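Inside the fold
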Amino acid sequence: MVAVVTDAPLPERLARAITLAGPISLAQYMGAANAHYYATRDPLGRDFTTAPEISQMFGELIGLWLADLWDRAGRPAAAYVELGPGRGTLAADALRAMAKAGLTPDVHFVETSPTLRGVQAERVPGAIWHDDTTTLPGDIALLAVANEFFDALPIRQLVRSLDSWHERLVACQDLLFLPIAGNAVPEAILPPGLRNAPPGSVIETSPASVAVMRDLAGRIARQGGAMLAIDYGYEGPAIGDTLQAMRAGNFANPFDNPGEQDLTAHVDFATLAAAADAEGARAFGPVDQGALLIRLGIDARAAALGDAVRADRDRLVAPDQMGGLFKAIAITALDWPQPGGFV
């Protein structure tokens, strides 16, 4: 077998792997591209901007949301956990708000990027890093946050032809990557209501997202705690191709320049909720981000901060901006109280 040159640029490595073994799954392509992308740069503010970077109000309200649940649950020993914490901005704002409510937990970040770990260490000294959720503390309650985390996890796509469904694969010729249809897949793996969708229809799944949710929800069910996940998405299963790439604030072709642009897909919140339920946890939502932040008191906080934050408040909650596009679900242990903002 010919060895793959590991120090070559990512497109060359992917092209060589495809040449040697044939087309790869979209999940493999997306996983490799995003792993390289996040490991080699801090993209925030350059390729995209997240809610915590828009205003401190976002992280503060999440911190108070967690502190309220923790207080009503009897103030157990707990750890703060954040999946994909970006620059650590959300954590810093949330921890500051939690401390005012008497909650000062140890901080655990699930983050693989050496570049972002360095930035996070400056914002949140004393944080403990994990490559995945499997090494998180196993003997205390977990207060977890996942903001724009699940959208970057790899997805699979199934595409409908005239008479069957096929998994979408990625082929390559002369460093040009393009999606192709693979072998037909059994209809039994598809949601019954979508099996007869018209030709060209696309169904997306994210086994990686389900695995993360099941592990974390199982820990919360056993140890106590809660999780808030916020992302852009929908209640599936549904038809639609949501794979997209962002570069310098603009949409780009997801199959151009792998590893040099952020690849994301909309999150199926219904599937995540079902995964949490399967592990013995309770799921709430989804609710629109705007509705959640208003219920948690963003207007009062904005008034206290003054007119300078009015535009930031609107960007976070307006239905035609992040407030309508982004949604949230909450996961709690069965014996924990109902979370605020979810009715």
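Residues numbered from 1 in each chain as written. Predicted model: local features only at pLDDT ≥ 70, side-chain atom pairs only at ≥ 80, totals over all residues. Heavy atoms only, no water.

Observations regarding the confidence of the model for the chain
Any residue range with low pLDDT should be treated as having predicted coordinates unsuitable for detailed reading. Averaged over all residues, the pLDDT of the chain equals 94, while 98% of them reach at least 70. Across residues 1–5 the pLDDT falls below 50, and counting only partners more than four positions away or on other chains, this stretch makes eight contacts in the model. (pLDDT = per-residue confidence, 0-100. Contact = heavy atoms within 4.5 Å.)

As for the packing of helix α7 (residues 207–223) against helix α8 (residues 269–278)
Their axes nearest at 8 Å, the elements α7 and α8 cross at an angle of 40 degrees. In this structure, α7 crosses over α8, and the sense of that crossing is right-handed. In this structure, α7 uses Ser209, Val210, Met213, Arg214 and Ala217 to contact α8, whose residues at the interface are Thr271, Leu272, Ala275, Ala276 and Ala278. Looking at the contact of α7 with α8 residue by residue, the classes come out as seven nonpolar, two polar and one charged. (Axes fitted to C-alpha atoms, helices over the stretch in contact; angles between N-to-C directions. Helix = DSSP H or I, 4+ residues; strand = E, 2+ residues; numbered from the N terminus. Left-handed = near helix turned anticlockwise from the far one by under 90°. Nonpolar A, V, L, I, M, F, W, Y, C, P; charged D, E, K, R; others polar.)

Describing unusual backbone geometry
That bond from Gly236 to Pro237 is cis: its omega, 0 degrees, falls within 30 degrees of zero. If you trace the backbone, Pro237 turns up in the loop between β10 (225–234) and β11 (244–247). Between Gly285 and Pro286 the backbone carries a cis peptide bond, its omega angle lying at 15 degrees. Here Pro286 shows up in strand β15 (residues 282–288). Positive phi, normally seen in glycine, also occurs at Asp174, with a value near 55 degrees. In this fold, Asp174 is placed in the loop between β7 (165–173) and β8 (176–185). The class for Asp174 is exposed, based on a relative accessible area of 76%. (Buried < 20%, exposed > 50% of the residue type's maximum accessible area, 1.4 Å probe, protein only.)

Things to note about the side chain of Lys327
The topology assignment puts Lys327 in strand β16 (residues 326–332). A distance of 2.8 Å separates polar atoms of two side chains, one belonging to Lys327 and the other to Asp288. Excluding anything up to four places from it in sequence, Lys327 contacts Ala229, Ile230, Asp231, Gly233, Phe269, Pro286, Val287, Asp288 and Gln289. (Polar contact = N/O pair within 3.5 Å; in protein donor to acceptor, adjacent residues only side chain to side chain.)

Things to note about the pattern of salt bridges
A full pass over the atoms with the stated rule returns 18 salt bridges. The partner of Arg72 in a salt bridge is Asp68, and the shortest N-O contact between them spans 2.8 Å. Taken together, the residues Arg72 and Asp68, both in helix α4 (residues 56–72) and four residues apart, mark about one turn of the helix. On the basis of relative accessible area, Asp68 is assigned to the partly exposed category, the value being 31%. Measuring nitrogen to oxygen at the nearest pair gives 3.0 Å for the salt bridge that ties Glu167 to Arg156. (Salt bridge = Lys/Arg side-chain N within 4 Å of Asp/Glu carboxyl O.)

Regarding the environment of Glu279
Counting through the fold element by element, Glu279 comes out in the loop between α8 and β15. Distance in space between the C-alpha atoms of Glu279 and Gln223 is 12 Å, their sequence separation being 56 residues. The residues touching Glu279, leaving out its near neighbours within four places in the chain, are Arg214, Ala217, Gly218 and Ala221.

Examining the pairing of β11
The pairing of β11 with strand β13 (residues 262–264) spans three bridges and is classified as antiparallel. Bridging across to β13, Met246 finds its partner in Asp262. By the bridge criterion, three bridges tie β11 to strand β12 (residues 250–252) in an arrangement that is antiparallel. Following the sheet pairing, Ala245 is matched in β12 by Ala252. Joining the antiparallel neighbours β11 and β12 is a turn of two residues, in which Ala248 adopts a positive phi near 55 degrees. (Pairing = 2+ DSSP bridges.)

Examining the environment of Leu153
Locating Leu153 in the fold gives a position in the loop between β5 (141–147) and β6 (156–160). Along the backbone, Leu153 and Val267 are 114 residues apart, and their C-alpha atoms lie at a distance of 9.4 Å. Discounting residues that sit within four places of it in the chain, Leu153 has contacts with Met30, Ser206, Ala208, Ser209 and Val212.

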